[in-house]
There are 2 protein chains.
Amino acid sequence: MSLGLSPLEFREAIRSGKHTGNTSGYCPGYVQGNVVILPNDWASDFLQFCQFNPKPCPLLGMSEKGDSTLPSLCEGLDIRSDLPKYRVFEHGKMVEEVAEISSLWSDDFVTFVLGCSFSFEEALIADGLEVRNIIEGVNVPMYRTNIPCQSAGRFNGDMVVSMRPFMAADAIRAVQISTRFPSVHGAPIHFGDPSLIGISNINQPDFGDAVTIKSGEIPVFWACGVTPQVALEQAKPPVCITHSPGCMLVTDLRNSQLAVL
Amino acid sequence: MSLGLSPLEFREAIRSGKHTGNTSGYCPGYVQGNVVILPNDWASDFLQFCQFNPKPCPLLGMSEKGDSTLPSLCEGLDIRSDLPKYRVFEHGKMVEEVAEISSLWSDDFVTFVLGCSFSFEEALIADGLEVRNIIEGVNVPMYRTNIPCQSAGRFNGDMVVSMRPFMAADAIRAVQISTRFPSVHGAPIHFGDPSLIGISNINQPDFGDAVTIKSGEIPVFWACGVTPQVALEQAKPPVCITHSPGCMLVTDLRNSQLAVL
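Predicted model, so just to flag it, every value in this text is computed and none were measured. (Residues numbered from 1 in each chain as written. Chains lettered and ligands numbered in written order. Predicted model: local features only at pLDDT ≥ 70, side-chain atom pairs only at ≥ 80, totals over all residues.)

Engineer: Can you walk me through the overall build of chain A in this structure?
Structural biologist: When you go through chain A residue by residue, the secondary structure sums to six helices and eleven strands. Each principal axis of the C-alpha atoms in chain A carries an extent, and together these give about 55 × 40 × 35 Å. (Helix = DSSP H or I, 4+ residues; strand = E, 2+ residues; numbered from the N terminus.)

Right, here's the structure in full:
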């Protein structure tokens, strides 16, 4: 699969089954998003949860009820087939992982697209910073914290954070760069002592993979898009469909368009 | 002395001898600057040193040779009398501290005004952050580091930094806020382990006073306007006049005008 495809061409390759795996590294420069699909009855609570907790749940777009398109983000989208892999949850438990969801679709579904750290990681790398999880070819390490999200209706839970280690000067630069991207988690929420936010062992992430922290480096923590997933597991909606980790929605939006400065 | 004076009125009070002490806290909202006066023969080296090292030596203004005014910064300035106290250096050694420098003035002198941390401290406080040296009513602690400045002609030396302790979330906010003010030192240059920049004992500053660092707080280090003073001590110009610590030039420029964003 060529890396030079446009987002529309790439989504068509996914839809036709030509591309089935991870989206990381494809369509560089374009925003990739987390996807959450919920019954309409749960949508307003979830929307409120996103609005109350914009750092872990930065909302990029939301569909009309039953509408499988999202014209503000993607030309010609069919959300039922344009992700490489989906996870289906029932009452908060994952029941299957599938390549398309046409047979599961309901006119009652609402689709949410949330910003993802790929966008600010691209900006960090463009500035010459070393993003350890990318250098080491693993998923970013993610941790449950003791920082409570503001609850909204049936949704609540603690914030999940991702971690990237940097020397202090690079960490300061990373704060500046990610600050420009509030709709993809924005500035870090913590750095330094992990125990201050309830992380007991930095070498045992709750999600993703551990990465090397070199001597003198400081762990820097960003609010993470896995937060809403944890809230969904706790809220236990009868059905919920998300992207599979790493198999994101590739949108027509450019990362640079998300920069507020 | 009323805190409500305009910068011009305050400078006139200084000139007439009505105000003789520290300028800290006066004319809130207005930029206060470090002052360096040098013989013309040394001016171009010093200008280059400032341009090579903008974080410790952010140049706000520079006079014409022999001109005791600085119309871009201050209405009706007489730099020979409008600071409460001056320090006179000969060959890098302080020889006296005086209330005005008319008798020392030479048509060969060039005046430099450099930004000072008062401006970004005001912005930090306005955002609700606690600036420890202000809360404790002492001078900010300053340290010599092992970070070399880029040398220019006869000027060289290591960077001096000021330190303010914060909890991580406030430190991140402080990075964001001070980033907006590149002409008054801008973002921090380091945080965390002081030994990584050559500071052996955080409780023994080389200039200013030690401040309390509470449990969980991280020392955050900014490039400091004492850096050029150290470079001047090493360069040993035959004569050099600076403000006395805390007795700054109060300008007509507003701090908010220095914000680039």
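Engineer: Help me out: how do you make sense of the interface of chain B and chain A in this one?
Structural biologist: How big an interface is tends to be stated in terms of accessible area lost as the parts join. Facing the 17 residues of chain B at the interface are 17 residues of chain A. Secondary structure elements with two or more residues in the side of chain B that touches chain A: helix H5 (168–179) and strand E8 (190–191) of chain B. Top contributing element to the side of chain B that touches chain A by residue count: H5 of chain B, with six residues. Grouping the constituent residues of the side of chain B that touches chain A by class yields eleven nonpolar, five polar and one charged. (Contact = placed C-beta atoms within 7 Å. Nonpolar A, V, L, I, M, F, W, Y, C, P; charged D, E, K, R; others polar.)

Engineer: What should I look at first to understand the confidence of the model for chain A in this one?
Structural biologist: Mean pLDDT over chain A stands at 95; residues scoring 70 or higher make up 99%. In the predicted complex, the global pTM is 0.89; the interface-specific ipTM is 0.84. (pLDDT = per-residue confidence, 0-100.)

Engineer: Help me understand the packing of helix H5 (residues 168–179) of chain A against H5 of chain B in this model?
Structural biologist: Helices that pack against each other are described as a pair by the angle of their axes relative to one another and the distance between those axes. The geometry of H5 of chain A relative to H5 of chain B is characterised by a closest axis approach of 10 Å and an angle of 70° between their N-to-C directions. Accordingly, the angle class assigned to the pair H5 of chain A and H5 of chain B is roughly perpendicular. Contacts between H5 of chain A and H5 of chain B involve Ile 172, Val 175, Gln 176 and Thr 179 of chain A on the former and, on the latter, Ile 172, Val 175, Gln 176 and Thr 179 of chain B. The class makeup of the residues in the contact of H5 of chain A with H5 of chain B is four nonpolar, four polar and no charged. (Axes fitted to C-alpha atoms, helices over the stretch in contact; angles between N-to-C directions. Parallel < 35°, antiparallel > 145°, perpendicular 65-115°, else oblique.)

Engineer: Honestly, the domain arrangement of chain A in this entry has me stumped. Any pointers?
Structural biologist: Residues and elements named next belong to chain A. Looking at chain A, the domain boundaries give domain 1 (7–116 + 236–258) and domain 2 (118–228). On the side of domain 2, 23 residues touch domain 1, which itself brings 22 residues to the contact. Considering each element in turn, the side of domain 1 that touches domain 2 owes the most residues, five residues, to helix H2 (residues 40–52). Its residues assigned to classes, the side of domain 1 that touches domain 2 shows 13 nonpolar, seven polar and two charged. (Domains from an automatic or database assignment.)

Engineer: Before we go on, may I ask you to explain the nonpolar core in this structure?
Structural biologist: Val 36, Phe 46 and Val 161 of chain A together with Val 36, Leu 38, Phe 46 and Val 161 of chain B are the most contacted members of the largest nonpolar core, which has 150 residues in total. Not counting the four nearest positions on each side in its chain, Val 161 of chain B is found in contact with Met 142, Tyr 143, Thr 145, Ile 189, Phe 221, Trp 222, Ala 223 and Cys 224 of chain B. (Core = buried A, V, L, I, M, F, W, Y, C linked by C-beta atoms within 7 Å. Buried ≥ 20, exposed ≤ 12 C-beta atoms within 10 Å, placed from the backbone.)

Engineer: Just to check I follow, could you spell out the pairing of strand E10 (residues 240–243) of chain A for this structure?
Structural biologist: As a general feature of sheets, a regular strand has side chains that alternate between the two faces. Residue and element names in this part refer to chain A. Alignment of strand E1 (residues 30–39) against E10, held across two bridges, turns out to be antiparallel. For Val 36, the partnering residue across the bridge sits in E10 and is Thr 242. Judged from the four bridges that link them, strand E3 (residues 86–90) and E10 form a sheet pairing that is antiparallel. Residue pairing for E10: Val 88 is matched across the bridge by Ile 241. (Pairing = 2+ DSSP bridges.)

Engineer: So what exactly am I meant to see when it comes to the relation of the copies chain B and chain A here?
Structural biologist: Rotating chain B by 180° and moving it 0.0 Å along the rotation axis overlays it on chain A with an RMSD of 0.0 Å. The two molecules are tied by a two-fold rotation axis, judged by turn and shift. For chain B, the residue whose C-alpha comes nearest the rotation axis is Gln 176 of chain B, separated from it by 3.2 Å. Both copies present the same face, since 100% of the interface residues in chain B are matched by interface residues at the equivalent positions in chain A. (Least-squares fit on C-alpha atoms with pLDDT ≥ 70 in both.)

Engineer: Please explain H5 of chain A as it appears in this structure.
Structural biologist: Working note: α-helix, 3.6 residues per turn, so residues spaced by three or four point in the same direction. Compared with the 16 Å implied by 1.5 Å per residue over twelve residues, the 16 Å span of H5 of chain A between its first and last C-alpha is a close match. Buried within H5 of chain A are the following residues: Ala 168, Ala 171, Ile 172, Ala 174, Val 175, Ser 178 and Thr 179 of chain A. Within H5 of chain A, the buried residues cover an arc of 160° as seen down the axis, which keeps them to one side. Against helix H3 (118–126), strand E7 (158–166), strand E8 (190–191) and strand E9 (218–223) of chain A together with H5 and E8 of chain B lie the buried residues of H5 of chain A. (Expected span 1.5 Å × (residues − 1). Arc of directions from axis to C-beta.)

Engineer: How should the pairing of strand E4 (residues 93–98) of chain B be read in this particular structure?
Structural biologist: Residue and element names in this part refer to chain B. In terms of burial, E4 is largely open, as just zero of its six residues are buried. Here strand E3 (residues 86–90) pairs with E4 via five bridges, running antiparallel. Opposite Glu 90, over in E4, you have Lys 93 as the bridge partner. Two successive antiparallel strands, E3 and E4, enclose a turn made up of two residues, where His 91 displays a positive phi of approximately 50°.

Engineer: Can you walk me through unusual backbone geometry in this structure?
Structural biologist: The phi angle of most residues is negative, glycine excepted, and most peptide bonds adopt the trans form. One non-glycine residue with positive phi stands out, namely His 185 of chain A, at about 85°. Note that His 185 of chain A resides in the loop between H5 and E8.

Engineer: Sorry, what's going on with the sheet that holds strand E6 (residues 142–148) of chain A here?
Structural biologist: Residues and elements named next belong to chain A. With respect to topology, four strands assemble into an open sheet ordered E6-E7-E9-E8, the strand pairing being antiparallel. Every interior strand has two partners, whereas the edge strands, E6 and E8, have only one. Of the strand pairs in this sheet, E6 and E7 are connected by four bridges, and their pairing is antiparallel. Looking across to E7, one finds that Pro 148 is bridged to Asp 158. Running at roughly 15° to E9, H5 makes contact with E7, E8 and E9 of the sheet.

Engineer: Sorry, what's going on with the environment of Glu 136 of chain B here?
Structural biologist: Residues and elements named next belong to chain B. Within the secondary structure layout, Glu 136 lies in the loop between helix H4 (132–135) and strand E6 (142–148). Take Glu 136: there are 12 C-beta atoms within 10 Å of it, and that puts it in the exposed class. Sequence separation between Glu 136 and Thr 212 is 76 residues; the distance between their C-alpha atoms is 8.4 Å. Once residues within four sequence positions are removed from consideration, Glu 136 is found in contact with Val 211 and Thr 212.

Engineer: I'm lost on H3 of chain A in this one. Help?
Structural biologist: All names here are of chain A. When we look at burial in H3, the residues that qualify are Phe 118, Ser 119, Phe 120, Glu 121, Glu 122 and Leu 124. Where H3 is buried, its residues meet E1, strand E5 (109–115), helix H4 (132–135) and H5. Note on H3: the residue one or two positions beyond its end, Gly 128, has a positive phi of about 95°.

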